[in-house]
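Letter by letter, the chains look like this.
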Amino acid sequence: MDEKKKEFAGSPDEQQVAQSTYISPQARLLHDPAVTFEEYQYYARRTREEEKHLESPKLRWREIINRSTNKDARPIEAAADGNVPEVNFAHESDRLQITSDEWTNASRAMRTASSGAAFYLITTDILGPYGVGFAMGTLGWGPGIALYTVFGFMAGYSGYLLWHVFLGLDSYEFPCRNYGDLAFRTWGTTARYATNILQTLGLLLLLGQVTIQYGQNISQVSQFRLCYIICPLLFVIAGFFMTQIRTLKNYGLVANFSVWLTVLVIFITMGVIAHSPPNYAISVLGSAGATVDPTTITPDAQGNYPPVIHYGGLPAANLVGSINGLLSGVLAYAGAQLFVEFLAEMKRPRDFLKAMWGAQFFIYSVYLIYGCYVYHFQGQYSYQISYQGVSVYGWQTAGNMISLITAIIAAGLYGNIGIKVFYNNILMDIFSAPPLVTRRGKIFYAAIVPVWWTIAFIIAAAIPDYFGFVSVISASALLTLTYTLPPLFAVGYDIQNNAHRESEGEGFDPITGKVTRHGTTAQRWMRGLLSGGPVRVAQNVWHVLYFFASLSMCGLGMYAAVEGLVTSFKNPQLNSFSCRSPLNLNA
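Conventions we followed
- Residues numbered from 1 in each chain as written.
- Predicted model: local features only at pLDDT ≥ 70, side-chain atom pairs only at ≥ 80, totals over all residues.
- Heavy atoms only, no water.
- Helix = DSSP H or I, 4+ residues; strand = E, 2+ residues; numbered from the N terminus.
- Buried < 20%, exposed > 50% of the residue type's maximum accessible area, 1.4 Å probe, protein only.
- Contact = heavy atoms within 4.5 Å.
- pLDDT = per-residue confidence, 0-100.
- Patch = residues over 30% accessible without salt bridge, like charges linked within 9 Å, V, L, I, M, F, W, Y side chains within 5 Å.
- Areas by Shrake-Rupley, 256 points an atom, 1.4 Å probe, with all protein chains shown as cover.
- Salt bridge = Lys/Arg side-chain N within 4 Å of Asp/Glu carboxyl O.
- Phe/Tyr/Trp six-rings, centres within 6.5 Å; stacked < 30°, edge-to-face > 60°.
- Lys NZ or Arg CZ within 6 Å of the ring centre and 35° of its normal.
- Core = buried A, V, L, I, M, F, W, Y, C linked by side-chain atoms within 4.5 Å.
- Axes fitted to C-alpha atoms, helices over the stretch in contact; angles between N-to-C directions.
- Parallel < 35°, antiparallel > 145°, perpendicular 65-115°, else oblique.
- Left-handed = near helix turned anticlockwise from the far one by under 90°.
- 1 Å grid on protein atoms, 1.4 Å probe; cavity = no way out; pocket = protein on both sides within 12 Å on 5 of 7 lines; lining within 4 Å.
- Points joined across faces, edges and corners; volume = space filled by probe spheres on them.
- Nonpolar A, V, L, I, M, F, W, Y, C, P; charged D, E, K, R; others polar.

## A few points about the overall build of the chain
- Secondary structure assignment for the chain yields 19 helices and 4 strands.
- Looking at the chain residue by residue over its 587 residues, the buried ones come to 58%.
- Contacts in the chain between residues far apart in sequence, at least 24 positions, make up 81% of those at least 6 positions apart.

Rendered as structure tokens:
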């Protein structure tokens, strides 16, 4: 493994990257910077060709109960040996003792999910429409509908870009297991570290945010008789068990159930708010009016609340409040950060695109219909968690309890992916932990789950302003992961792909391990940026503009989030390490 790739020039216009002896994929480091873009592409094409002949797995409810009916759970039986060796692939000495078939079989064993599972996983991850009415109240009819439409389409487009890059670089020999792997193979080691840190932090904060939100659910259902610190703790304990589901194929079965429960909550709240007034008392804690103009929710001397009002455009009183409302919308679509993990466990990744666009259209339709409906009936009183803005306690409790089940499933998914990112990039890469497909790997995973949930709970519980917490998460991590990084990865991939000239003898030779390139690195990057015709060039320019526009939105969002937190902390605040519920206005 001490043999490195060497660069030498055959002529001023020709450059070759060569290995003195070909090194097989299983003998490589887990994230070896010596592996070239051309080598990744060569094995990716072979894998995509093999996948064309695989039957797409089916999503069956009975599989989660009776494993004997699950034929797809044994995807490697048709392979050469049919067995994954119980060895630690993170150790170089172990990898050198296994065959190429055993190496690829281990990769195949991780790929069992269907496109149906991907559809339900995406909708579970992103489908959280409860804050759309609130966001509409901070933005107004016109900007709200326009921005939700634009953000919805661009979230789908970002998913398409990730799918495009994944298919070109992932293979059984060199699997892309997480978001950071795309950064590594398009922009190098530093980009991988930055992406992994950002994704891990985002998932950890998102897990904490869900814990606090649904701790409030339990508190409200108990009518504040239960000490508040116990409420999110109960949610965390339930999450310990849900996150023990390791494979995303099995999560797809549970996610199916979660999606339809969410739709049920939507129908319940729509029916109730049409025939009952808003929850006026709770509006001071997180309604659209409290965010953009508190005078619109302040009762008069007789205790009468102002009538419901609507805005056609942006409420002029508070631009920062409108931006924070927009960030709530960003949170609703922020699921692209998990798409690579979904792709990595699909038996046929090509099928992901139809699942992703189908899920995005379903999500967008639900968001817009439900959000406009809530805003129409509740106006400035639209609460950030819509079912808690219902004034009838019985129906409020029904929404809290049903959504609690869906939240545990979604939070389990965030925990599952977050732990895998941490495991694959820290424990395996640095500490040589065993792969998750081995018995010891499964034990390590189970042991990490409670630690991961506890950290998320402590971070979130220490921050008293839930709405400000959501804004910070959206601006700092989720917006970047969903809208900023995908075009950056696409530019890096397309430039290197367009610079390749197979007709001129460039490419990877699998027999010798030699990679032939013509021209210097700068010449190749310029050639890749400007070649391929007007459409390709325009596409590259568009992705660069998309990247910078998204980056500027991150900066604007962080400014608004911080300003919102400063305003919130001017008033006495409670954190979650308390017996008093933040929703209890009479305490």
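## Digging into the confidence of the model for the chain
- Taken over all residues, the pLDDT of the chain has a mean of 82, while the share at 70 or more is 85%.
- Looking over the chain, one finds the lowest element-wise mean pLDDT in strand β1 (residues 6-11), namely 40, and the highest in helix α7 (residues 179-187), namely 95.
- Counting interchain partners and residues more than four positions distant, the pLDDT-below-50 stretch residues 1-12 has 29 contacts.
- Confidence drops under a pLDDT of 50 for residues 61-82, and excluding neighbours within four residues, the segment shows 41 contacts in the predicted structure.

## Observations concerning a nonpolar patch on the surface
- Nonpolar side chains collect at one region of the surface, where L226, I230, L233, L234, I237 and F241 lie side by side and expose about 510 Å² of accessible area between them.
- Looking at the element boundaries, L226 is found in the loop between α8 (189-221) and α9 (230-242).
- Its relative accessible area of 33% is what places L226 among the partly exposed residues.

## Here we look at the packing of aromatic side chains
- For the structure shown, the criterion picks out 33 aromatic pairs.
- A ring pair is formed by Y157 and Y546, whose centres lie 6.2 Å apart and whose planes are at 45 degrees; its orientation type is tilted. Placement of the pair is Y157 in helix α6 (residues 141-169) and Y546 in helix α19 (residues 533-568), with a sequence separation of 389 residues.
- In this structure an aromatic cluster arises from ring pairing among Y40, Y42, Y43, F174 and F508.
- Of note, R108 hangs over the ring of Y172, and the distance from its end group to the ring centre comes to 4.5 Å.

## A closer look at the nonpolar core
- F235, F342, F352 and Y483 are the most contacted members of the largest nonpolar core, which totals 135 residues.
- Examining the composition of this core, we find that 14 residues originate from one element, helix α15 (residues 393-427), more than from any other.
- In this structure F235 touches V210, T211, Y214, I218, L404, A407, I408, A411 and W453, once residues within four positions along its chain are discounted.

## Considering unusual backbone geometry
- The backbone phi angle of Q223 is positive, close to 55 degrees, even though this residue is not glycine.
- One can find Q223 in the loop between α8 and α9.
- By relative accessible area, which is 38% here, Q223 ends up partly exposed.

## What about the pattern of salt bridges?
- The tally for this structure, following the rule as stated, stands at 15 salt bridges.
- Residue E506 is joined to R524 by a salt bridge in which the shortest nitrogen-to-oxygen separation is 3.0 Å. In this pair, E506 sits in the loop between α17 (466-498) and β3 (507-508) while R524 sits in helix α18 (residues 521-530), placing the two residues 18 residues apart along the sequence. Of the two residues, E506 and R524, both sit in the buried class.

## A look at the packing of α9 against helix α16 (residues 439-461)
- Where α9 contacts α16, the two axes come as close as 9 Å, and the packing angle between them is 155 degrees. The angle between the axes of α9 and α16 places the two elements in the roughly antiparallel class. You can see that α9 and α16 cross each other, and the crossing is right-handed. Judged by residue contacts, P232, L233, F235, V236, G239 and F240 of α9 engage V449, P450, W453, T454 and F457 from α16.

## Concerning empty space enclosed by the protein
- Tallying each qualifying case throughout the model produces 6 cavities of 30 Å³ or more.
- Quantified by volume, the largest cavity comes out at close to 590 Å³.
- Lining of the largest cavity is provided by 35 residues; of these, P175, R177, D181, N424 and M428 occupy positions nearest its centre.
- If you list the elements that add at least two residues to the lining of the largest cavity, you get α3 (100-108), α7, α13 (339-344) and α15.
- For the lining of the largest cavity, the residue count by class is 21 nonpolar, 4 polar and 10 charged.

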